[in-house]
Protein chains: 2
Amino acid sequence: MDEGLEFKLTVLGSGSAMPIPQRYQSAHVLTVHGRSYLIDCGEGAQRQMIRYHIPFSRIDAIFISHIHGDHVFGLFGLLSTMALSGRTAPLDIYGPVALGPVLNFNKSFFGDFLSFEVRFSPLKYNSPSGDLAEPFLIRSTKALEVWAMPLNHGIDTFGYIFKEREPQMNVRRSAIEKYGLTLTEIGTLKRGEDVVREDGTPLPASEISYRPYSPRSYAYVSDTAYFDKEAQWLRGVKLLYHEATYAEEFAQKALERFHSTTLQAAAVARDSHADTLLIGHFSSSCKDPEVYEAQARTIFPNTFALSDGQEFSVPLDRVKLD
Amino acid sequence: MDEGLEFKLTVLGSGSAMPIPQRYQSAHVLTVHGRSYLIDCGEGAQRQMIRYHIPFSRIDAIFISHIHGDHVFGLFGLLSTMALSGRTAPLDIYGPVALGPVLNFNKSFFGDFLSFEVRFSPLKYNSPSGDLAEPFLIRSTKALEVWAMPLNHGIDTFGYIFKEREPQMNVRRSAIEKYGLTLTEIGTLKRGEDVVREDGTPLPASEISYRPYSPRSYAYVSDTAYFDKEAQWLRGVKLLYHEATYAEEFAQKALERFHSTTLQAAAVARDSHADTLLIGHFSSSCKDPEVYEAQARTIFPNTFALSDGQEFSVPLDRVKLD
């Protein structure tokens, strides 16, 4: 694939709160069109970034789901290392309001020594009724939009949905030749706008232009107990990561601890019409993730139980007309 | 060796501030007579403890040298995991006064969820003149004494000296037979006290008792620039860890950054009459620790450049008279 158009997930940590040798704690990196986004930052995330060749300088923004230690304790070391590496570019960090004091501690710890600005965007559960609010847009760049999605984890917790932007339209090569299109006309059609020539000939974009590929998307849903609106909010996501801390036998424990089971994660994938489901955040009591995978596949066959270091590229679903 | 009398160092991290794949950041564990002491706690120390079979429950106290991130950022995760593991025993933490706010942050982060009490002993540079104070006793147990030793690192920084206590005296087996010693007399002689029998016969402890082994000791000296009194304060230490962040070619840089070179560490080992010198905290620019080791050995032959996971047991220098 054209590297400039990559859409790739790298799993830095697939474990849960209790550390085990073979799994680091929660941290994912999504790389879209050459920029990387870190989602959650468990202890040792920076070490995993080195191991799996994610340059610190490429991290554009960090998204924290909630302030349980296994999702946030790697932040201090990472910010320190970014400074030691000479970063000067501002770093945007998104997370629940309660992340503020964590970042304030970091600021007081380093004082003025941090060589770059940390810009924190506190996210709120904005429904006065206490119901979970709808997902809302928090970041919009040339390449993608990021939406925060309230989750159900006992404390303020957000999932994140990364949606590649609609690509610029392509103009059919056959039409360029047939009509002898000028550069100006091609530019107009690429923006999806119709052209009407001086002699009155209409050149409608809907006929002459086409969308070269479908935008890709990735959602990170951790930690959460299952709730009704999940699938609706995630509708159409291509690559879905959903926590499955517990196997189905422990459904009651999952509910009590605001976590999900394998079958719940799979039901969300099925009902949101995802292409692929990734499950992780396994309880330290999970000795065999294949059992988790097998359970989820009874409902959603295209499920994969995560291991640290795995990469998932979402291919360009390119339209070829000419 | 009798496991109950072990005196063993386990190196969890031998690197410095910039993380590199093959070295974790500063953390040592000393195990004395079945209890373990953690000295410094760089990010990921808990992961290394699992890897190198140090039970969390065996940690009796933690000693932090200074609050640079690479010596302290593993503390949050470790305390969290201790709680998840059901610890209820209080945990003593020693470190400079500035460690207080770090522990306060931790407390505010976990609120009342931590299942055990953290007892912090803030250590002060207690010389009003600004000169480094003498080493001072901070902990005294049945098995050992721990002394804090001010270092020279730009911010308040302490080394730690662990001294095994003088063992109870043994009574020569030959004397027991020769004099037909009673249990009471043996008890008195074991305490090192003289016995005078009812008939006036003197049984002096100095002749009949003997010290069964020499007490062992370990000193952790990191981070610091070389200073005059080091060797004097460390006099007679058996196992000495001394940072050697830089090779000798970078002596000027070491001085500017309050660090030591290979030859400085070796000179301290020589002048304090240590048995063994361990060097570590290598700059991330150090590609070949053997070069560091070779430099130090020109002054102090019994030097070892550390790697993560190494263990050093100090054997009992047992006296056998009978």
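Look up: the structure comes first, before these words.
In this text the structure is predicted, and so the values were computed from the model without any measurement.

(A) Here's a closer look at the overall build of chain A. On a plain count of helices and strands, chain A comes out with 10 helices and 18 strands. Here the C-alpha radius of gyration of chain A, 22 Å, is about what a compact globule of 322 residues would show, namely 20 Å. For the C-alpha atoms alone, the extent of chain A along its principal axes is close to 70 × 55 × 45 Å. Looking at the 322 residues of chain A, the share that counts as buried comes to 56%.

(B) Focus on the interface of chain B and chain A. The interface is formed by 31 residues belonging to chain B together with 31 residues belonging to chain A. Taking both sides of the interface into account, the surface hidden between chain B and chain A amounts to around 2,400 Å²; carbon and sulfur atoms contribute 69%. Here chain B is connected to chain A by zero salt bridges. The interface formed by chain B and chain A holds 11 residue pairs in polar contact (both at pLDDT 80 or more) in total. Within the residue set of the side of chain B that touches chain A, elements represented by two or more residues are helix H1 (45–51), helix H2 (75–84) and helix H3 (99–110) of chain B.

(C) Up close: the sheet that holds strand S9 (residues 158–164) of chain B. Residues and elements named next belong to chain B. Read across the sheet, seven strands follow the order S7-S8-S9-S14-S15-S16-S17 without closing on themselves; strand pairing throughout is mixed. Pairing within the sheet leaves two strands with one partner each, and these edge strands are strand S7 (136–140) and strand S17 (303–305). Neighbour to neighbour, the strand axes of the sheet diverge by 20° on average, direction disregarded. Alignment of S9 against strand S14 (residues 217–221), held across four bridges, turns out to be antiparallel. The residue bridging Lys-163 from the neighbouring strand is Ser-217, located in S14. Set on the sheet, helix H10 (residues 289–297) makes contact with strand S16 (276–280) and S17; between it and S17 the angle comes to about 165°.

(D) Representation of the environment of B:Pro315 in the model. All names here are of chain B. Here Pro-315 is to be found in the segment after strand S18 (311–313). Using a relative accessible area of 56% as the deciding quantity, one classes Pro-315 as exposed. Along the chain, Pro-315 and Leu-5 lie 310 residues apart, while their C-alpha atoms are 9.3 Å from each other.

(E) Here's a closer look at the sheet that holds strand S9 (residues 158–164) of chain A. Residues and elements named next belong to chain A. Spatial ordering of the open sheet is given by S7-S8-S9-S14-S15-S16-S17, a layout of seven strands whose pairing is mixed. A strand with exactly one partner marks an edge of an open sheet, and here the two such strands are strand S7 (136–140) and strand S17 (303–305). Along the sheet, successive strands turn relative to each other by an average axial angle of 20°, direction set aside. On the sheet, helix H9 (residues 262–271) packs against strand S15 (239–243) and strand S16 (276–280) and is oriented at approximately 155° with respect to S15. Along the sheet face, helix H10 (residues 289–297) touches S16 and S17 and points at about 165° away from the line of S17.

(F) Fine view of helix H5 (residues 183–190) of chain A. Residues and elements named next belong to chain A. By the burial criterion, the buried members of H5 are Glu-185, Ile-186, Thr-188 and Leu-189. Buried residues of H5 fall within an arc of 160° about the axis and therefore sit on the same side. H5 presents Leu-183 and Thr-184 as exposed residues on the side facing more than 90 degrees away from its buried surface. Buried-residue contacts for H5 involve strand S10 (170–171), helix H4 (173–179), strand S11 (195–196), strand S12 (202–203), helix H6 (205–208) and strand S13 (209–210). Two residues or fewer after H5 comes Gly-192, characterised by a positive phi angle close to 85°.

(G) Spatial organisation of the relation of the copies chain B and chain A. Mapping chain B onto chain A leaves a residual RMSD of 0.1 Å; the transformation is a rotation of 180° accompanied by 0.0 Å of translation along its axis. Such values leave the two copies arranged in the relation of a two-fold axis. Closest approach to the rotation axis within chain B is made by the C-alpha atom of B:Gly44, at a distance of 2.9 Å. In this assembly the copies share their binding face: 100% of the residues contributing to the interface of chain B also contribute to that of chain A.

(H) Examining the state of the cysteines more closely. Evaluated as defined, the whole model comprises zero disulfides over all chains. Cysteine A:Cys41 remains unbridged, with the sulfur of B:Cys41 as its closest cysteine sulfur at 17 Å.

(I) Summary view of the pairing of S7(B). Residues and elements named next belong to chain B. One ladder, built from four bridges, connects S7 with strand S8 (residues 144–150); its direction is antiparallel. Bridging from a neighbouring strand, Ser-140 pairs with Glu-145 of S8. Hairpin connection of S7 to S8: three residues between the antiparallel strands.

(J) Summary view of unusual backbone geometry. Put simply, A:Ser222 and A:Asp223 share a cis peptide bond, and its omega is -5°. In this structure, A:Asp223 sits in the loop between strand S14 (217–221) and helix H7 (230–233). Here the phi dihedral of B:Asp40 falls at roughly 65°; this positive angle occurs in a residue that is not glycine. Relative to the assigned elements, B:Asp40 resides in the loop between strand S3 (35–39) and H1.

(K) Region of interest: the environment of B:Gly77. For B:Gly77, the position within the fold is in helix H2. Sequence separation of B:Gly77 and B:Arg47 is 30 residues, and the distance between their C-alpha atoms is 9.5 Å. Apart from residues lying up to four places away in sequence, B:Gly77 is in contact with A:Glu43, A:Phe73 and B:Gln46.

(L) Highlighting helix H2 (residues 75–84) of chain A. All names here are of chain A. Across the 10 residues of H2, nine count as buried, placing the element largely inside the fold. Inspection of H2 places Leu-75, Phe-76, Gly-77, Leu-78, Leu-79, Ser-80, Thr-81, Met-82 and Ala-83 among the buried residues, and these make up the whole buried set. Phi turns positive, to about 85°, at Gly-86, one or two residues after H2.

(M) Structural context of the pattern of salt bridges. Per the stated rule, a full pass over the model turns up 24 salt bridges over all chains. Its salt-bridge partner being A:Arg270, residue A:Asp271 comes within 2.8 Å of it at the nearest N-O pair. With relative accessibility at 30%, the residue A:Asp271 sits in the partly exposed group. Between B:Arg297 and B:Glu293 there is a salt bridge, and its shortest N-O distance comes to 3.5 Å. You can see B:Arg297 and its partner B:Glu293 sitting in helix H10, four residues apart, about one turn around the helix. Residue class for B:Arg297 comes out partly exposed when judged on its relative accessible area of 33%. The class for B:Glu293 is buried, based on a relative accessible area of 16%.

(N) Structural view of the packing of H2(A) against helix H3 (residues 99–110) of chain A. Residues and elements named next belong to chain A. One can describe the packing of H2 onto H3 by two numbers: an axis separation of 11 Å at closest approach and a directional angle of 45°. The angle between H2 and H3 places the two elements in the oblique class. Between H2 and H3 lies a crossing whose hand is right-handed. Contact residues: Leu-75, Phe-76, Leu-79 and Ser-80 in H2; Leu-99, Val-102, Leu-103, Phe-105, Asn-106 and Phe-110 in H3. Class assignment for the residues of the contact of H2 with H3 results in eight nonpolar, two polar and no charged.

Rules behind the numbers
Residues numbered from 1 in each chain as written. Chains lettered and ligands numbered in written order. Predicted model: local features only at pLDDT ≥ 70, side-chain atom pairs only at ≥ 80, totals over all residues. Heavy atoms only, no water. Helix = DSSP H or I, 4+ residues; strand = E, 2+ residues; numbered from the N terminus. Rg over C-alpha atoms; globule rule 2.2 N^0.38 Å. Buried < 20%, exposed > 50% of the residue type's maximum accessible area, 1.4 Å probe, protein only. Contact = heavy atoms within 4.5 Å. Buried area = accessible area lost by both parts, 1.4 Å probe. Salt bridge = Lys/Arg side-chain N within 4 Å of Asp/Glu carboxyl O. Polar contact = N/O pair within 3.5 Å; in protein donor to acceptor, adjacent residues only side chain to side chain. Pairing = 2+ DSSP bridges. Axes fitted to C-alpha atoms, helices over the stretch in contact; angles between N-to-C directions. Arc of directions from axis to C-beta. Least-squares fit on C-alpha atoms with pLDDT ≥ 70 in both. Disulfide = S-S within 2.5 Å. Parallel < 35°, antiparallel > 145°, perpendicular 65-115°, else oblique. Left-handed = near helix turned anticlockwise from the far one by under 90°. Nonpolar A, V, L, I, M, F, W, Y, C, P; charged D, E, K, R; others polar.

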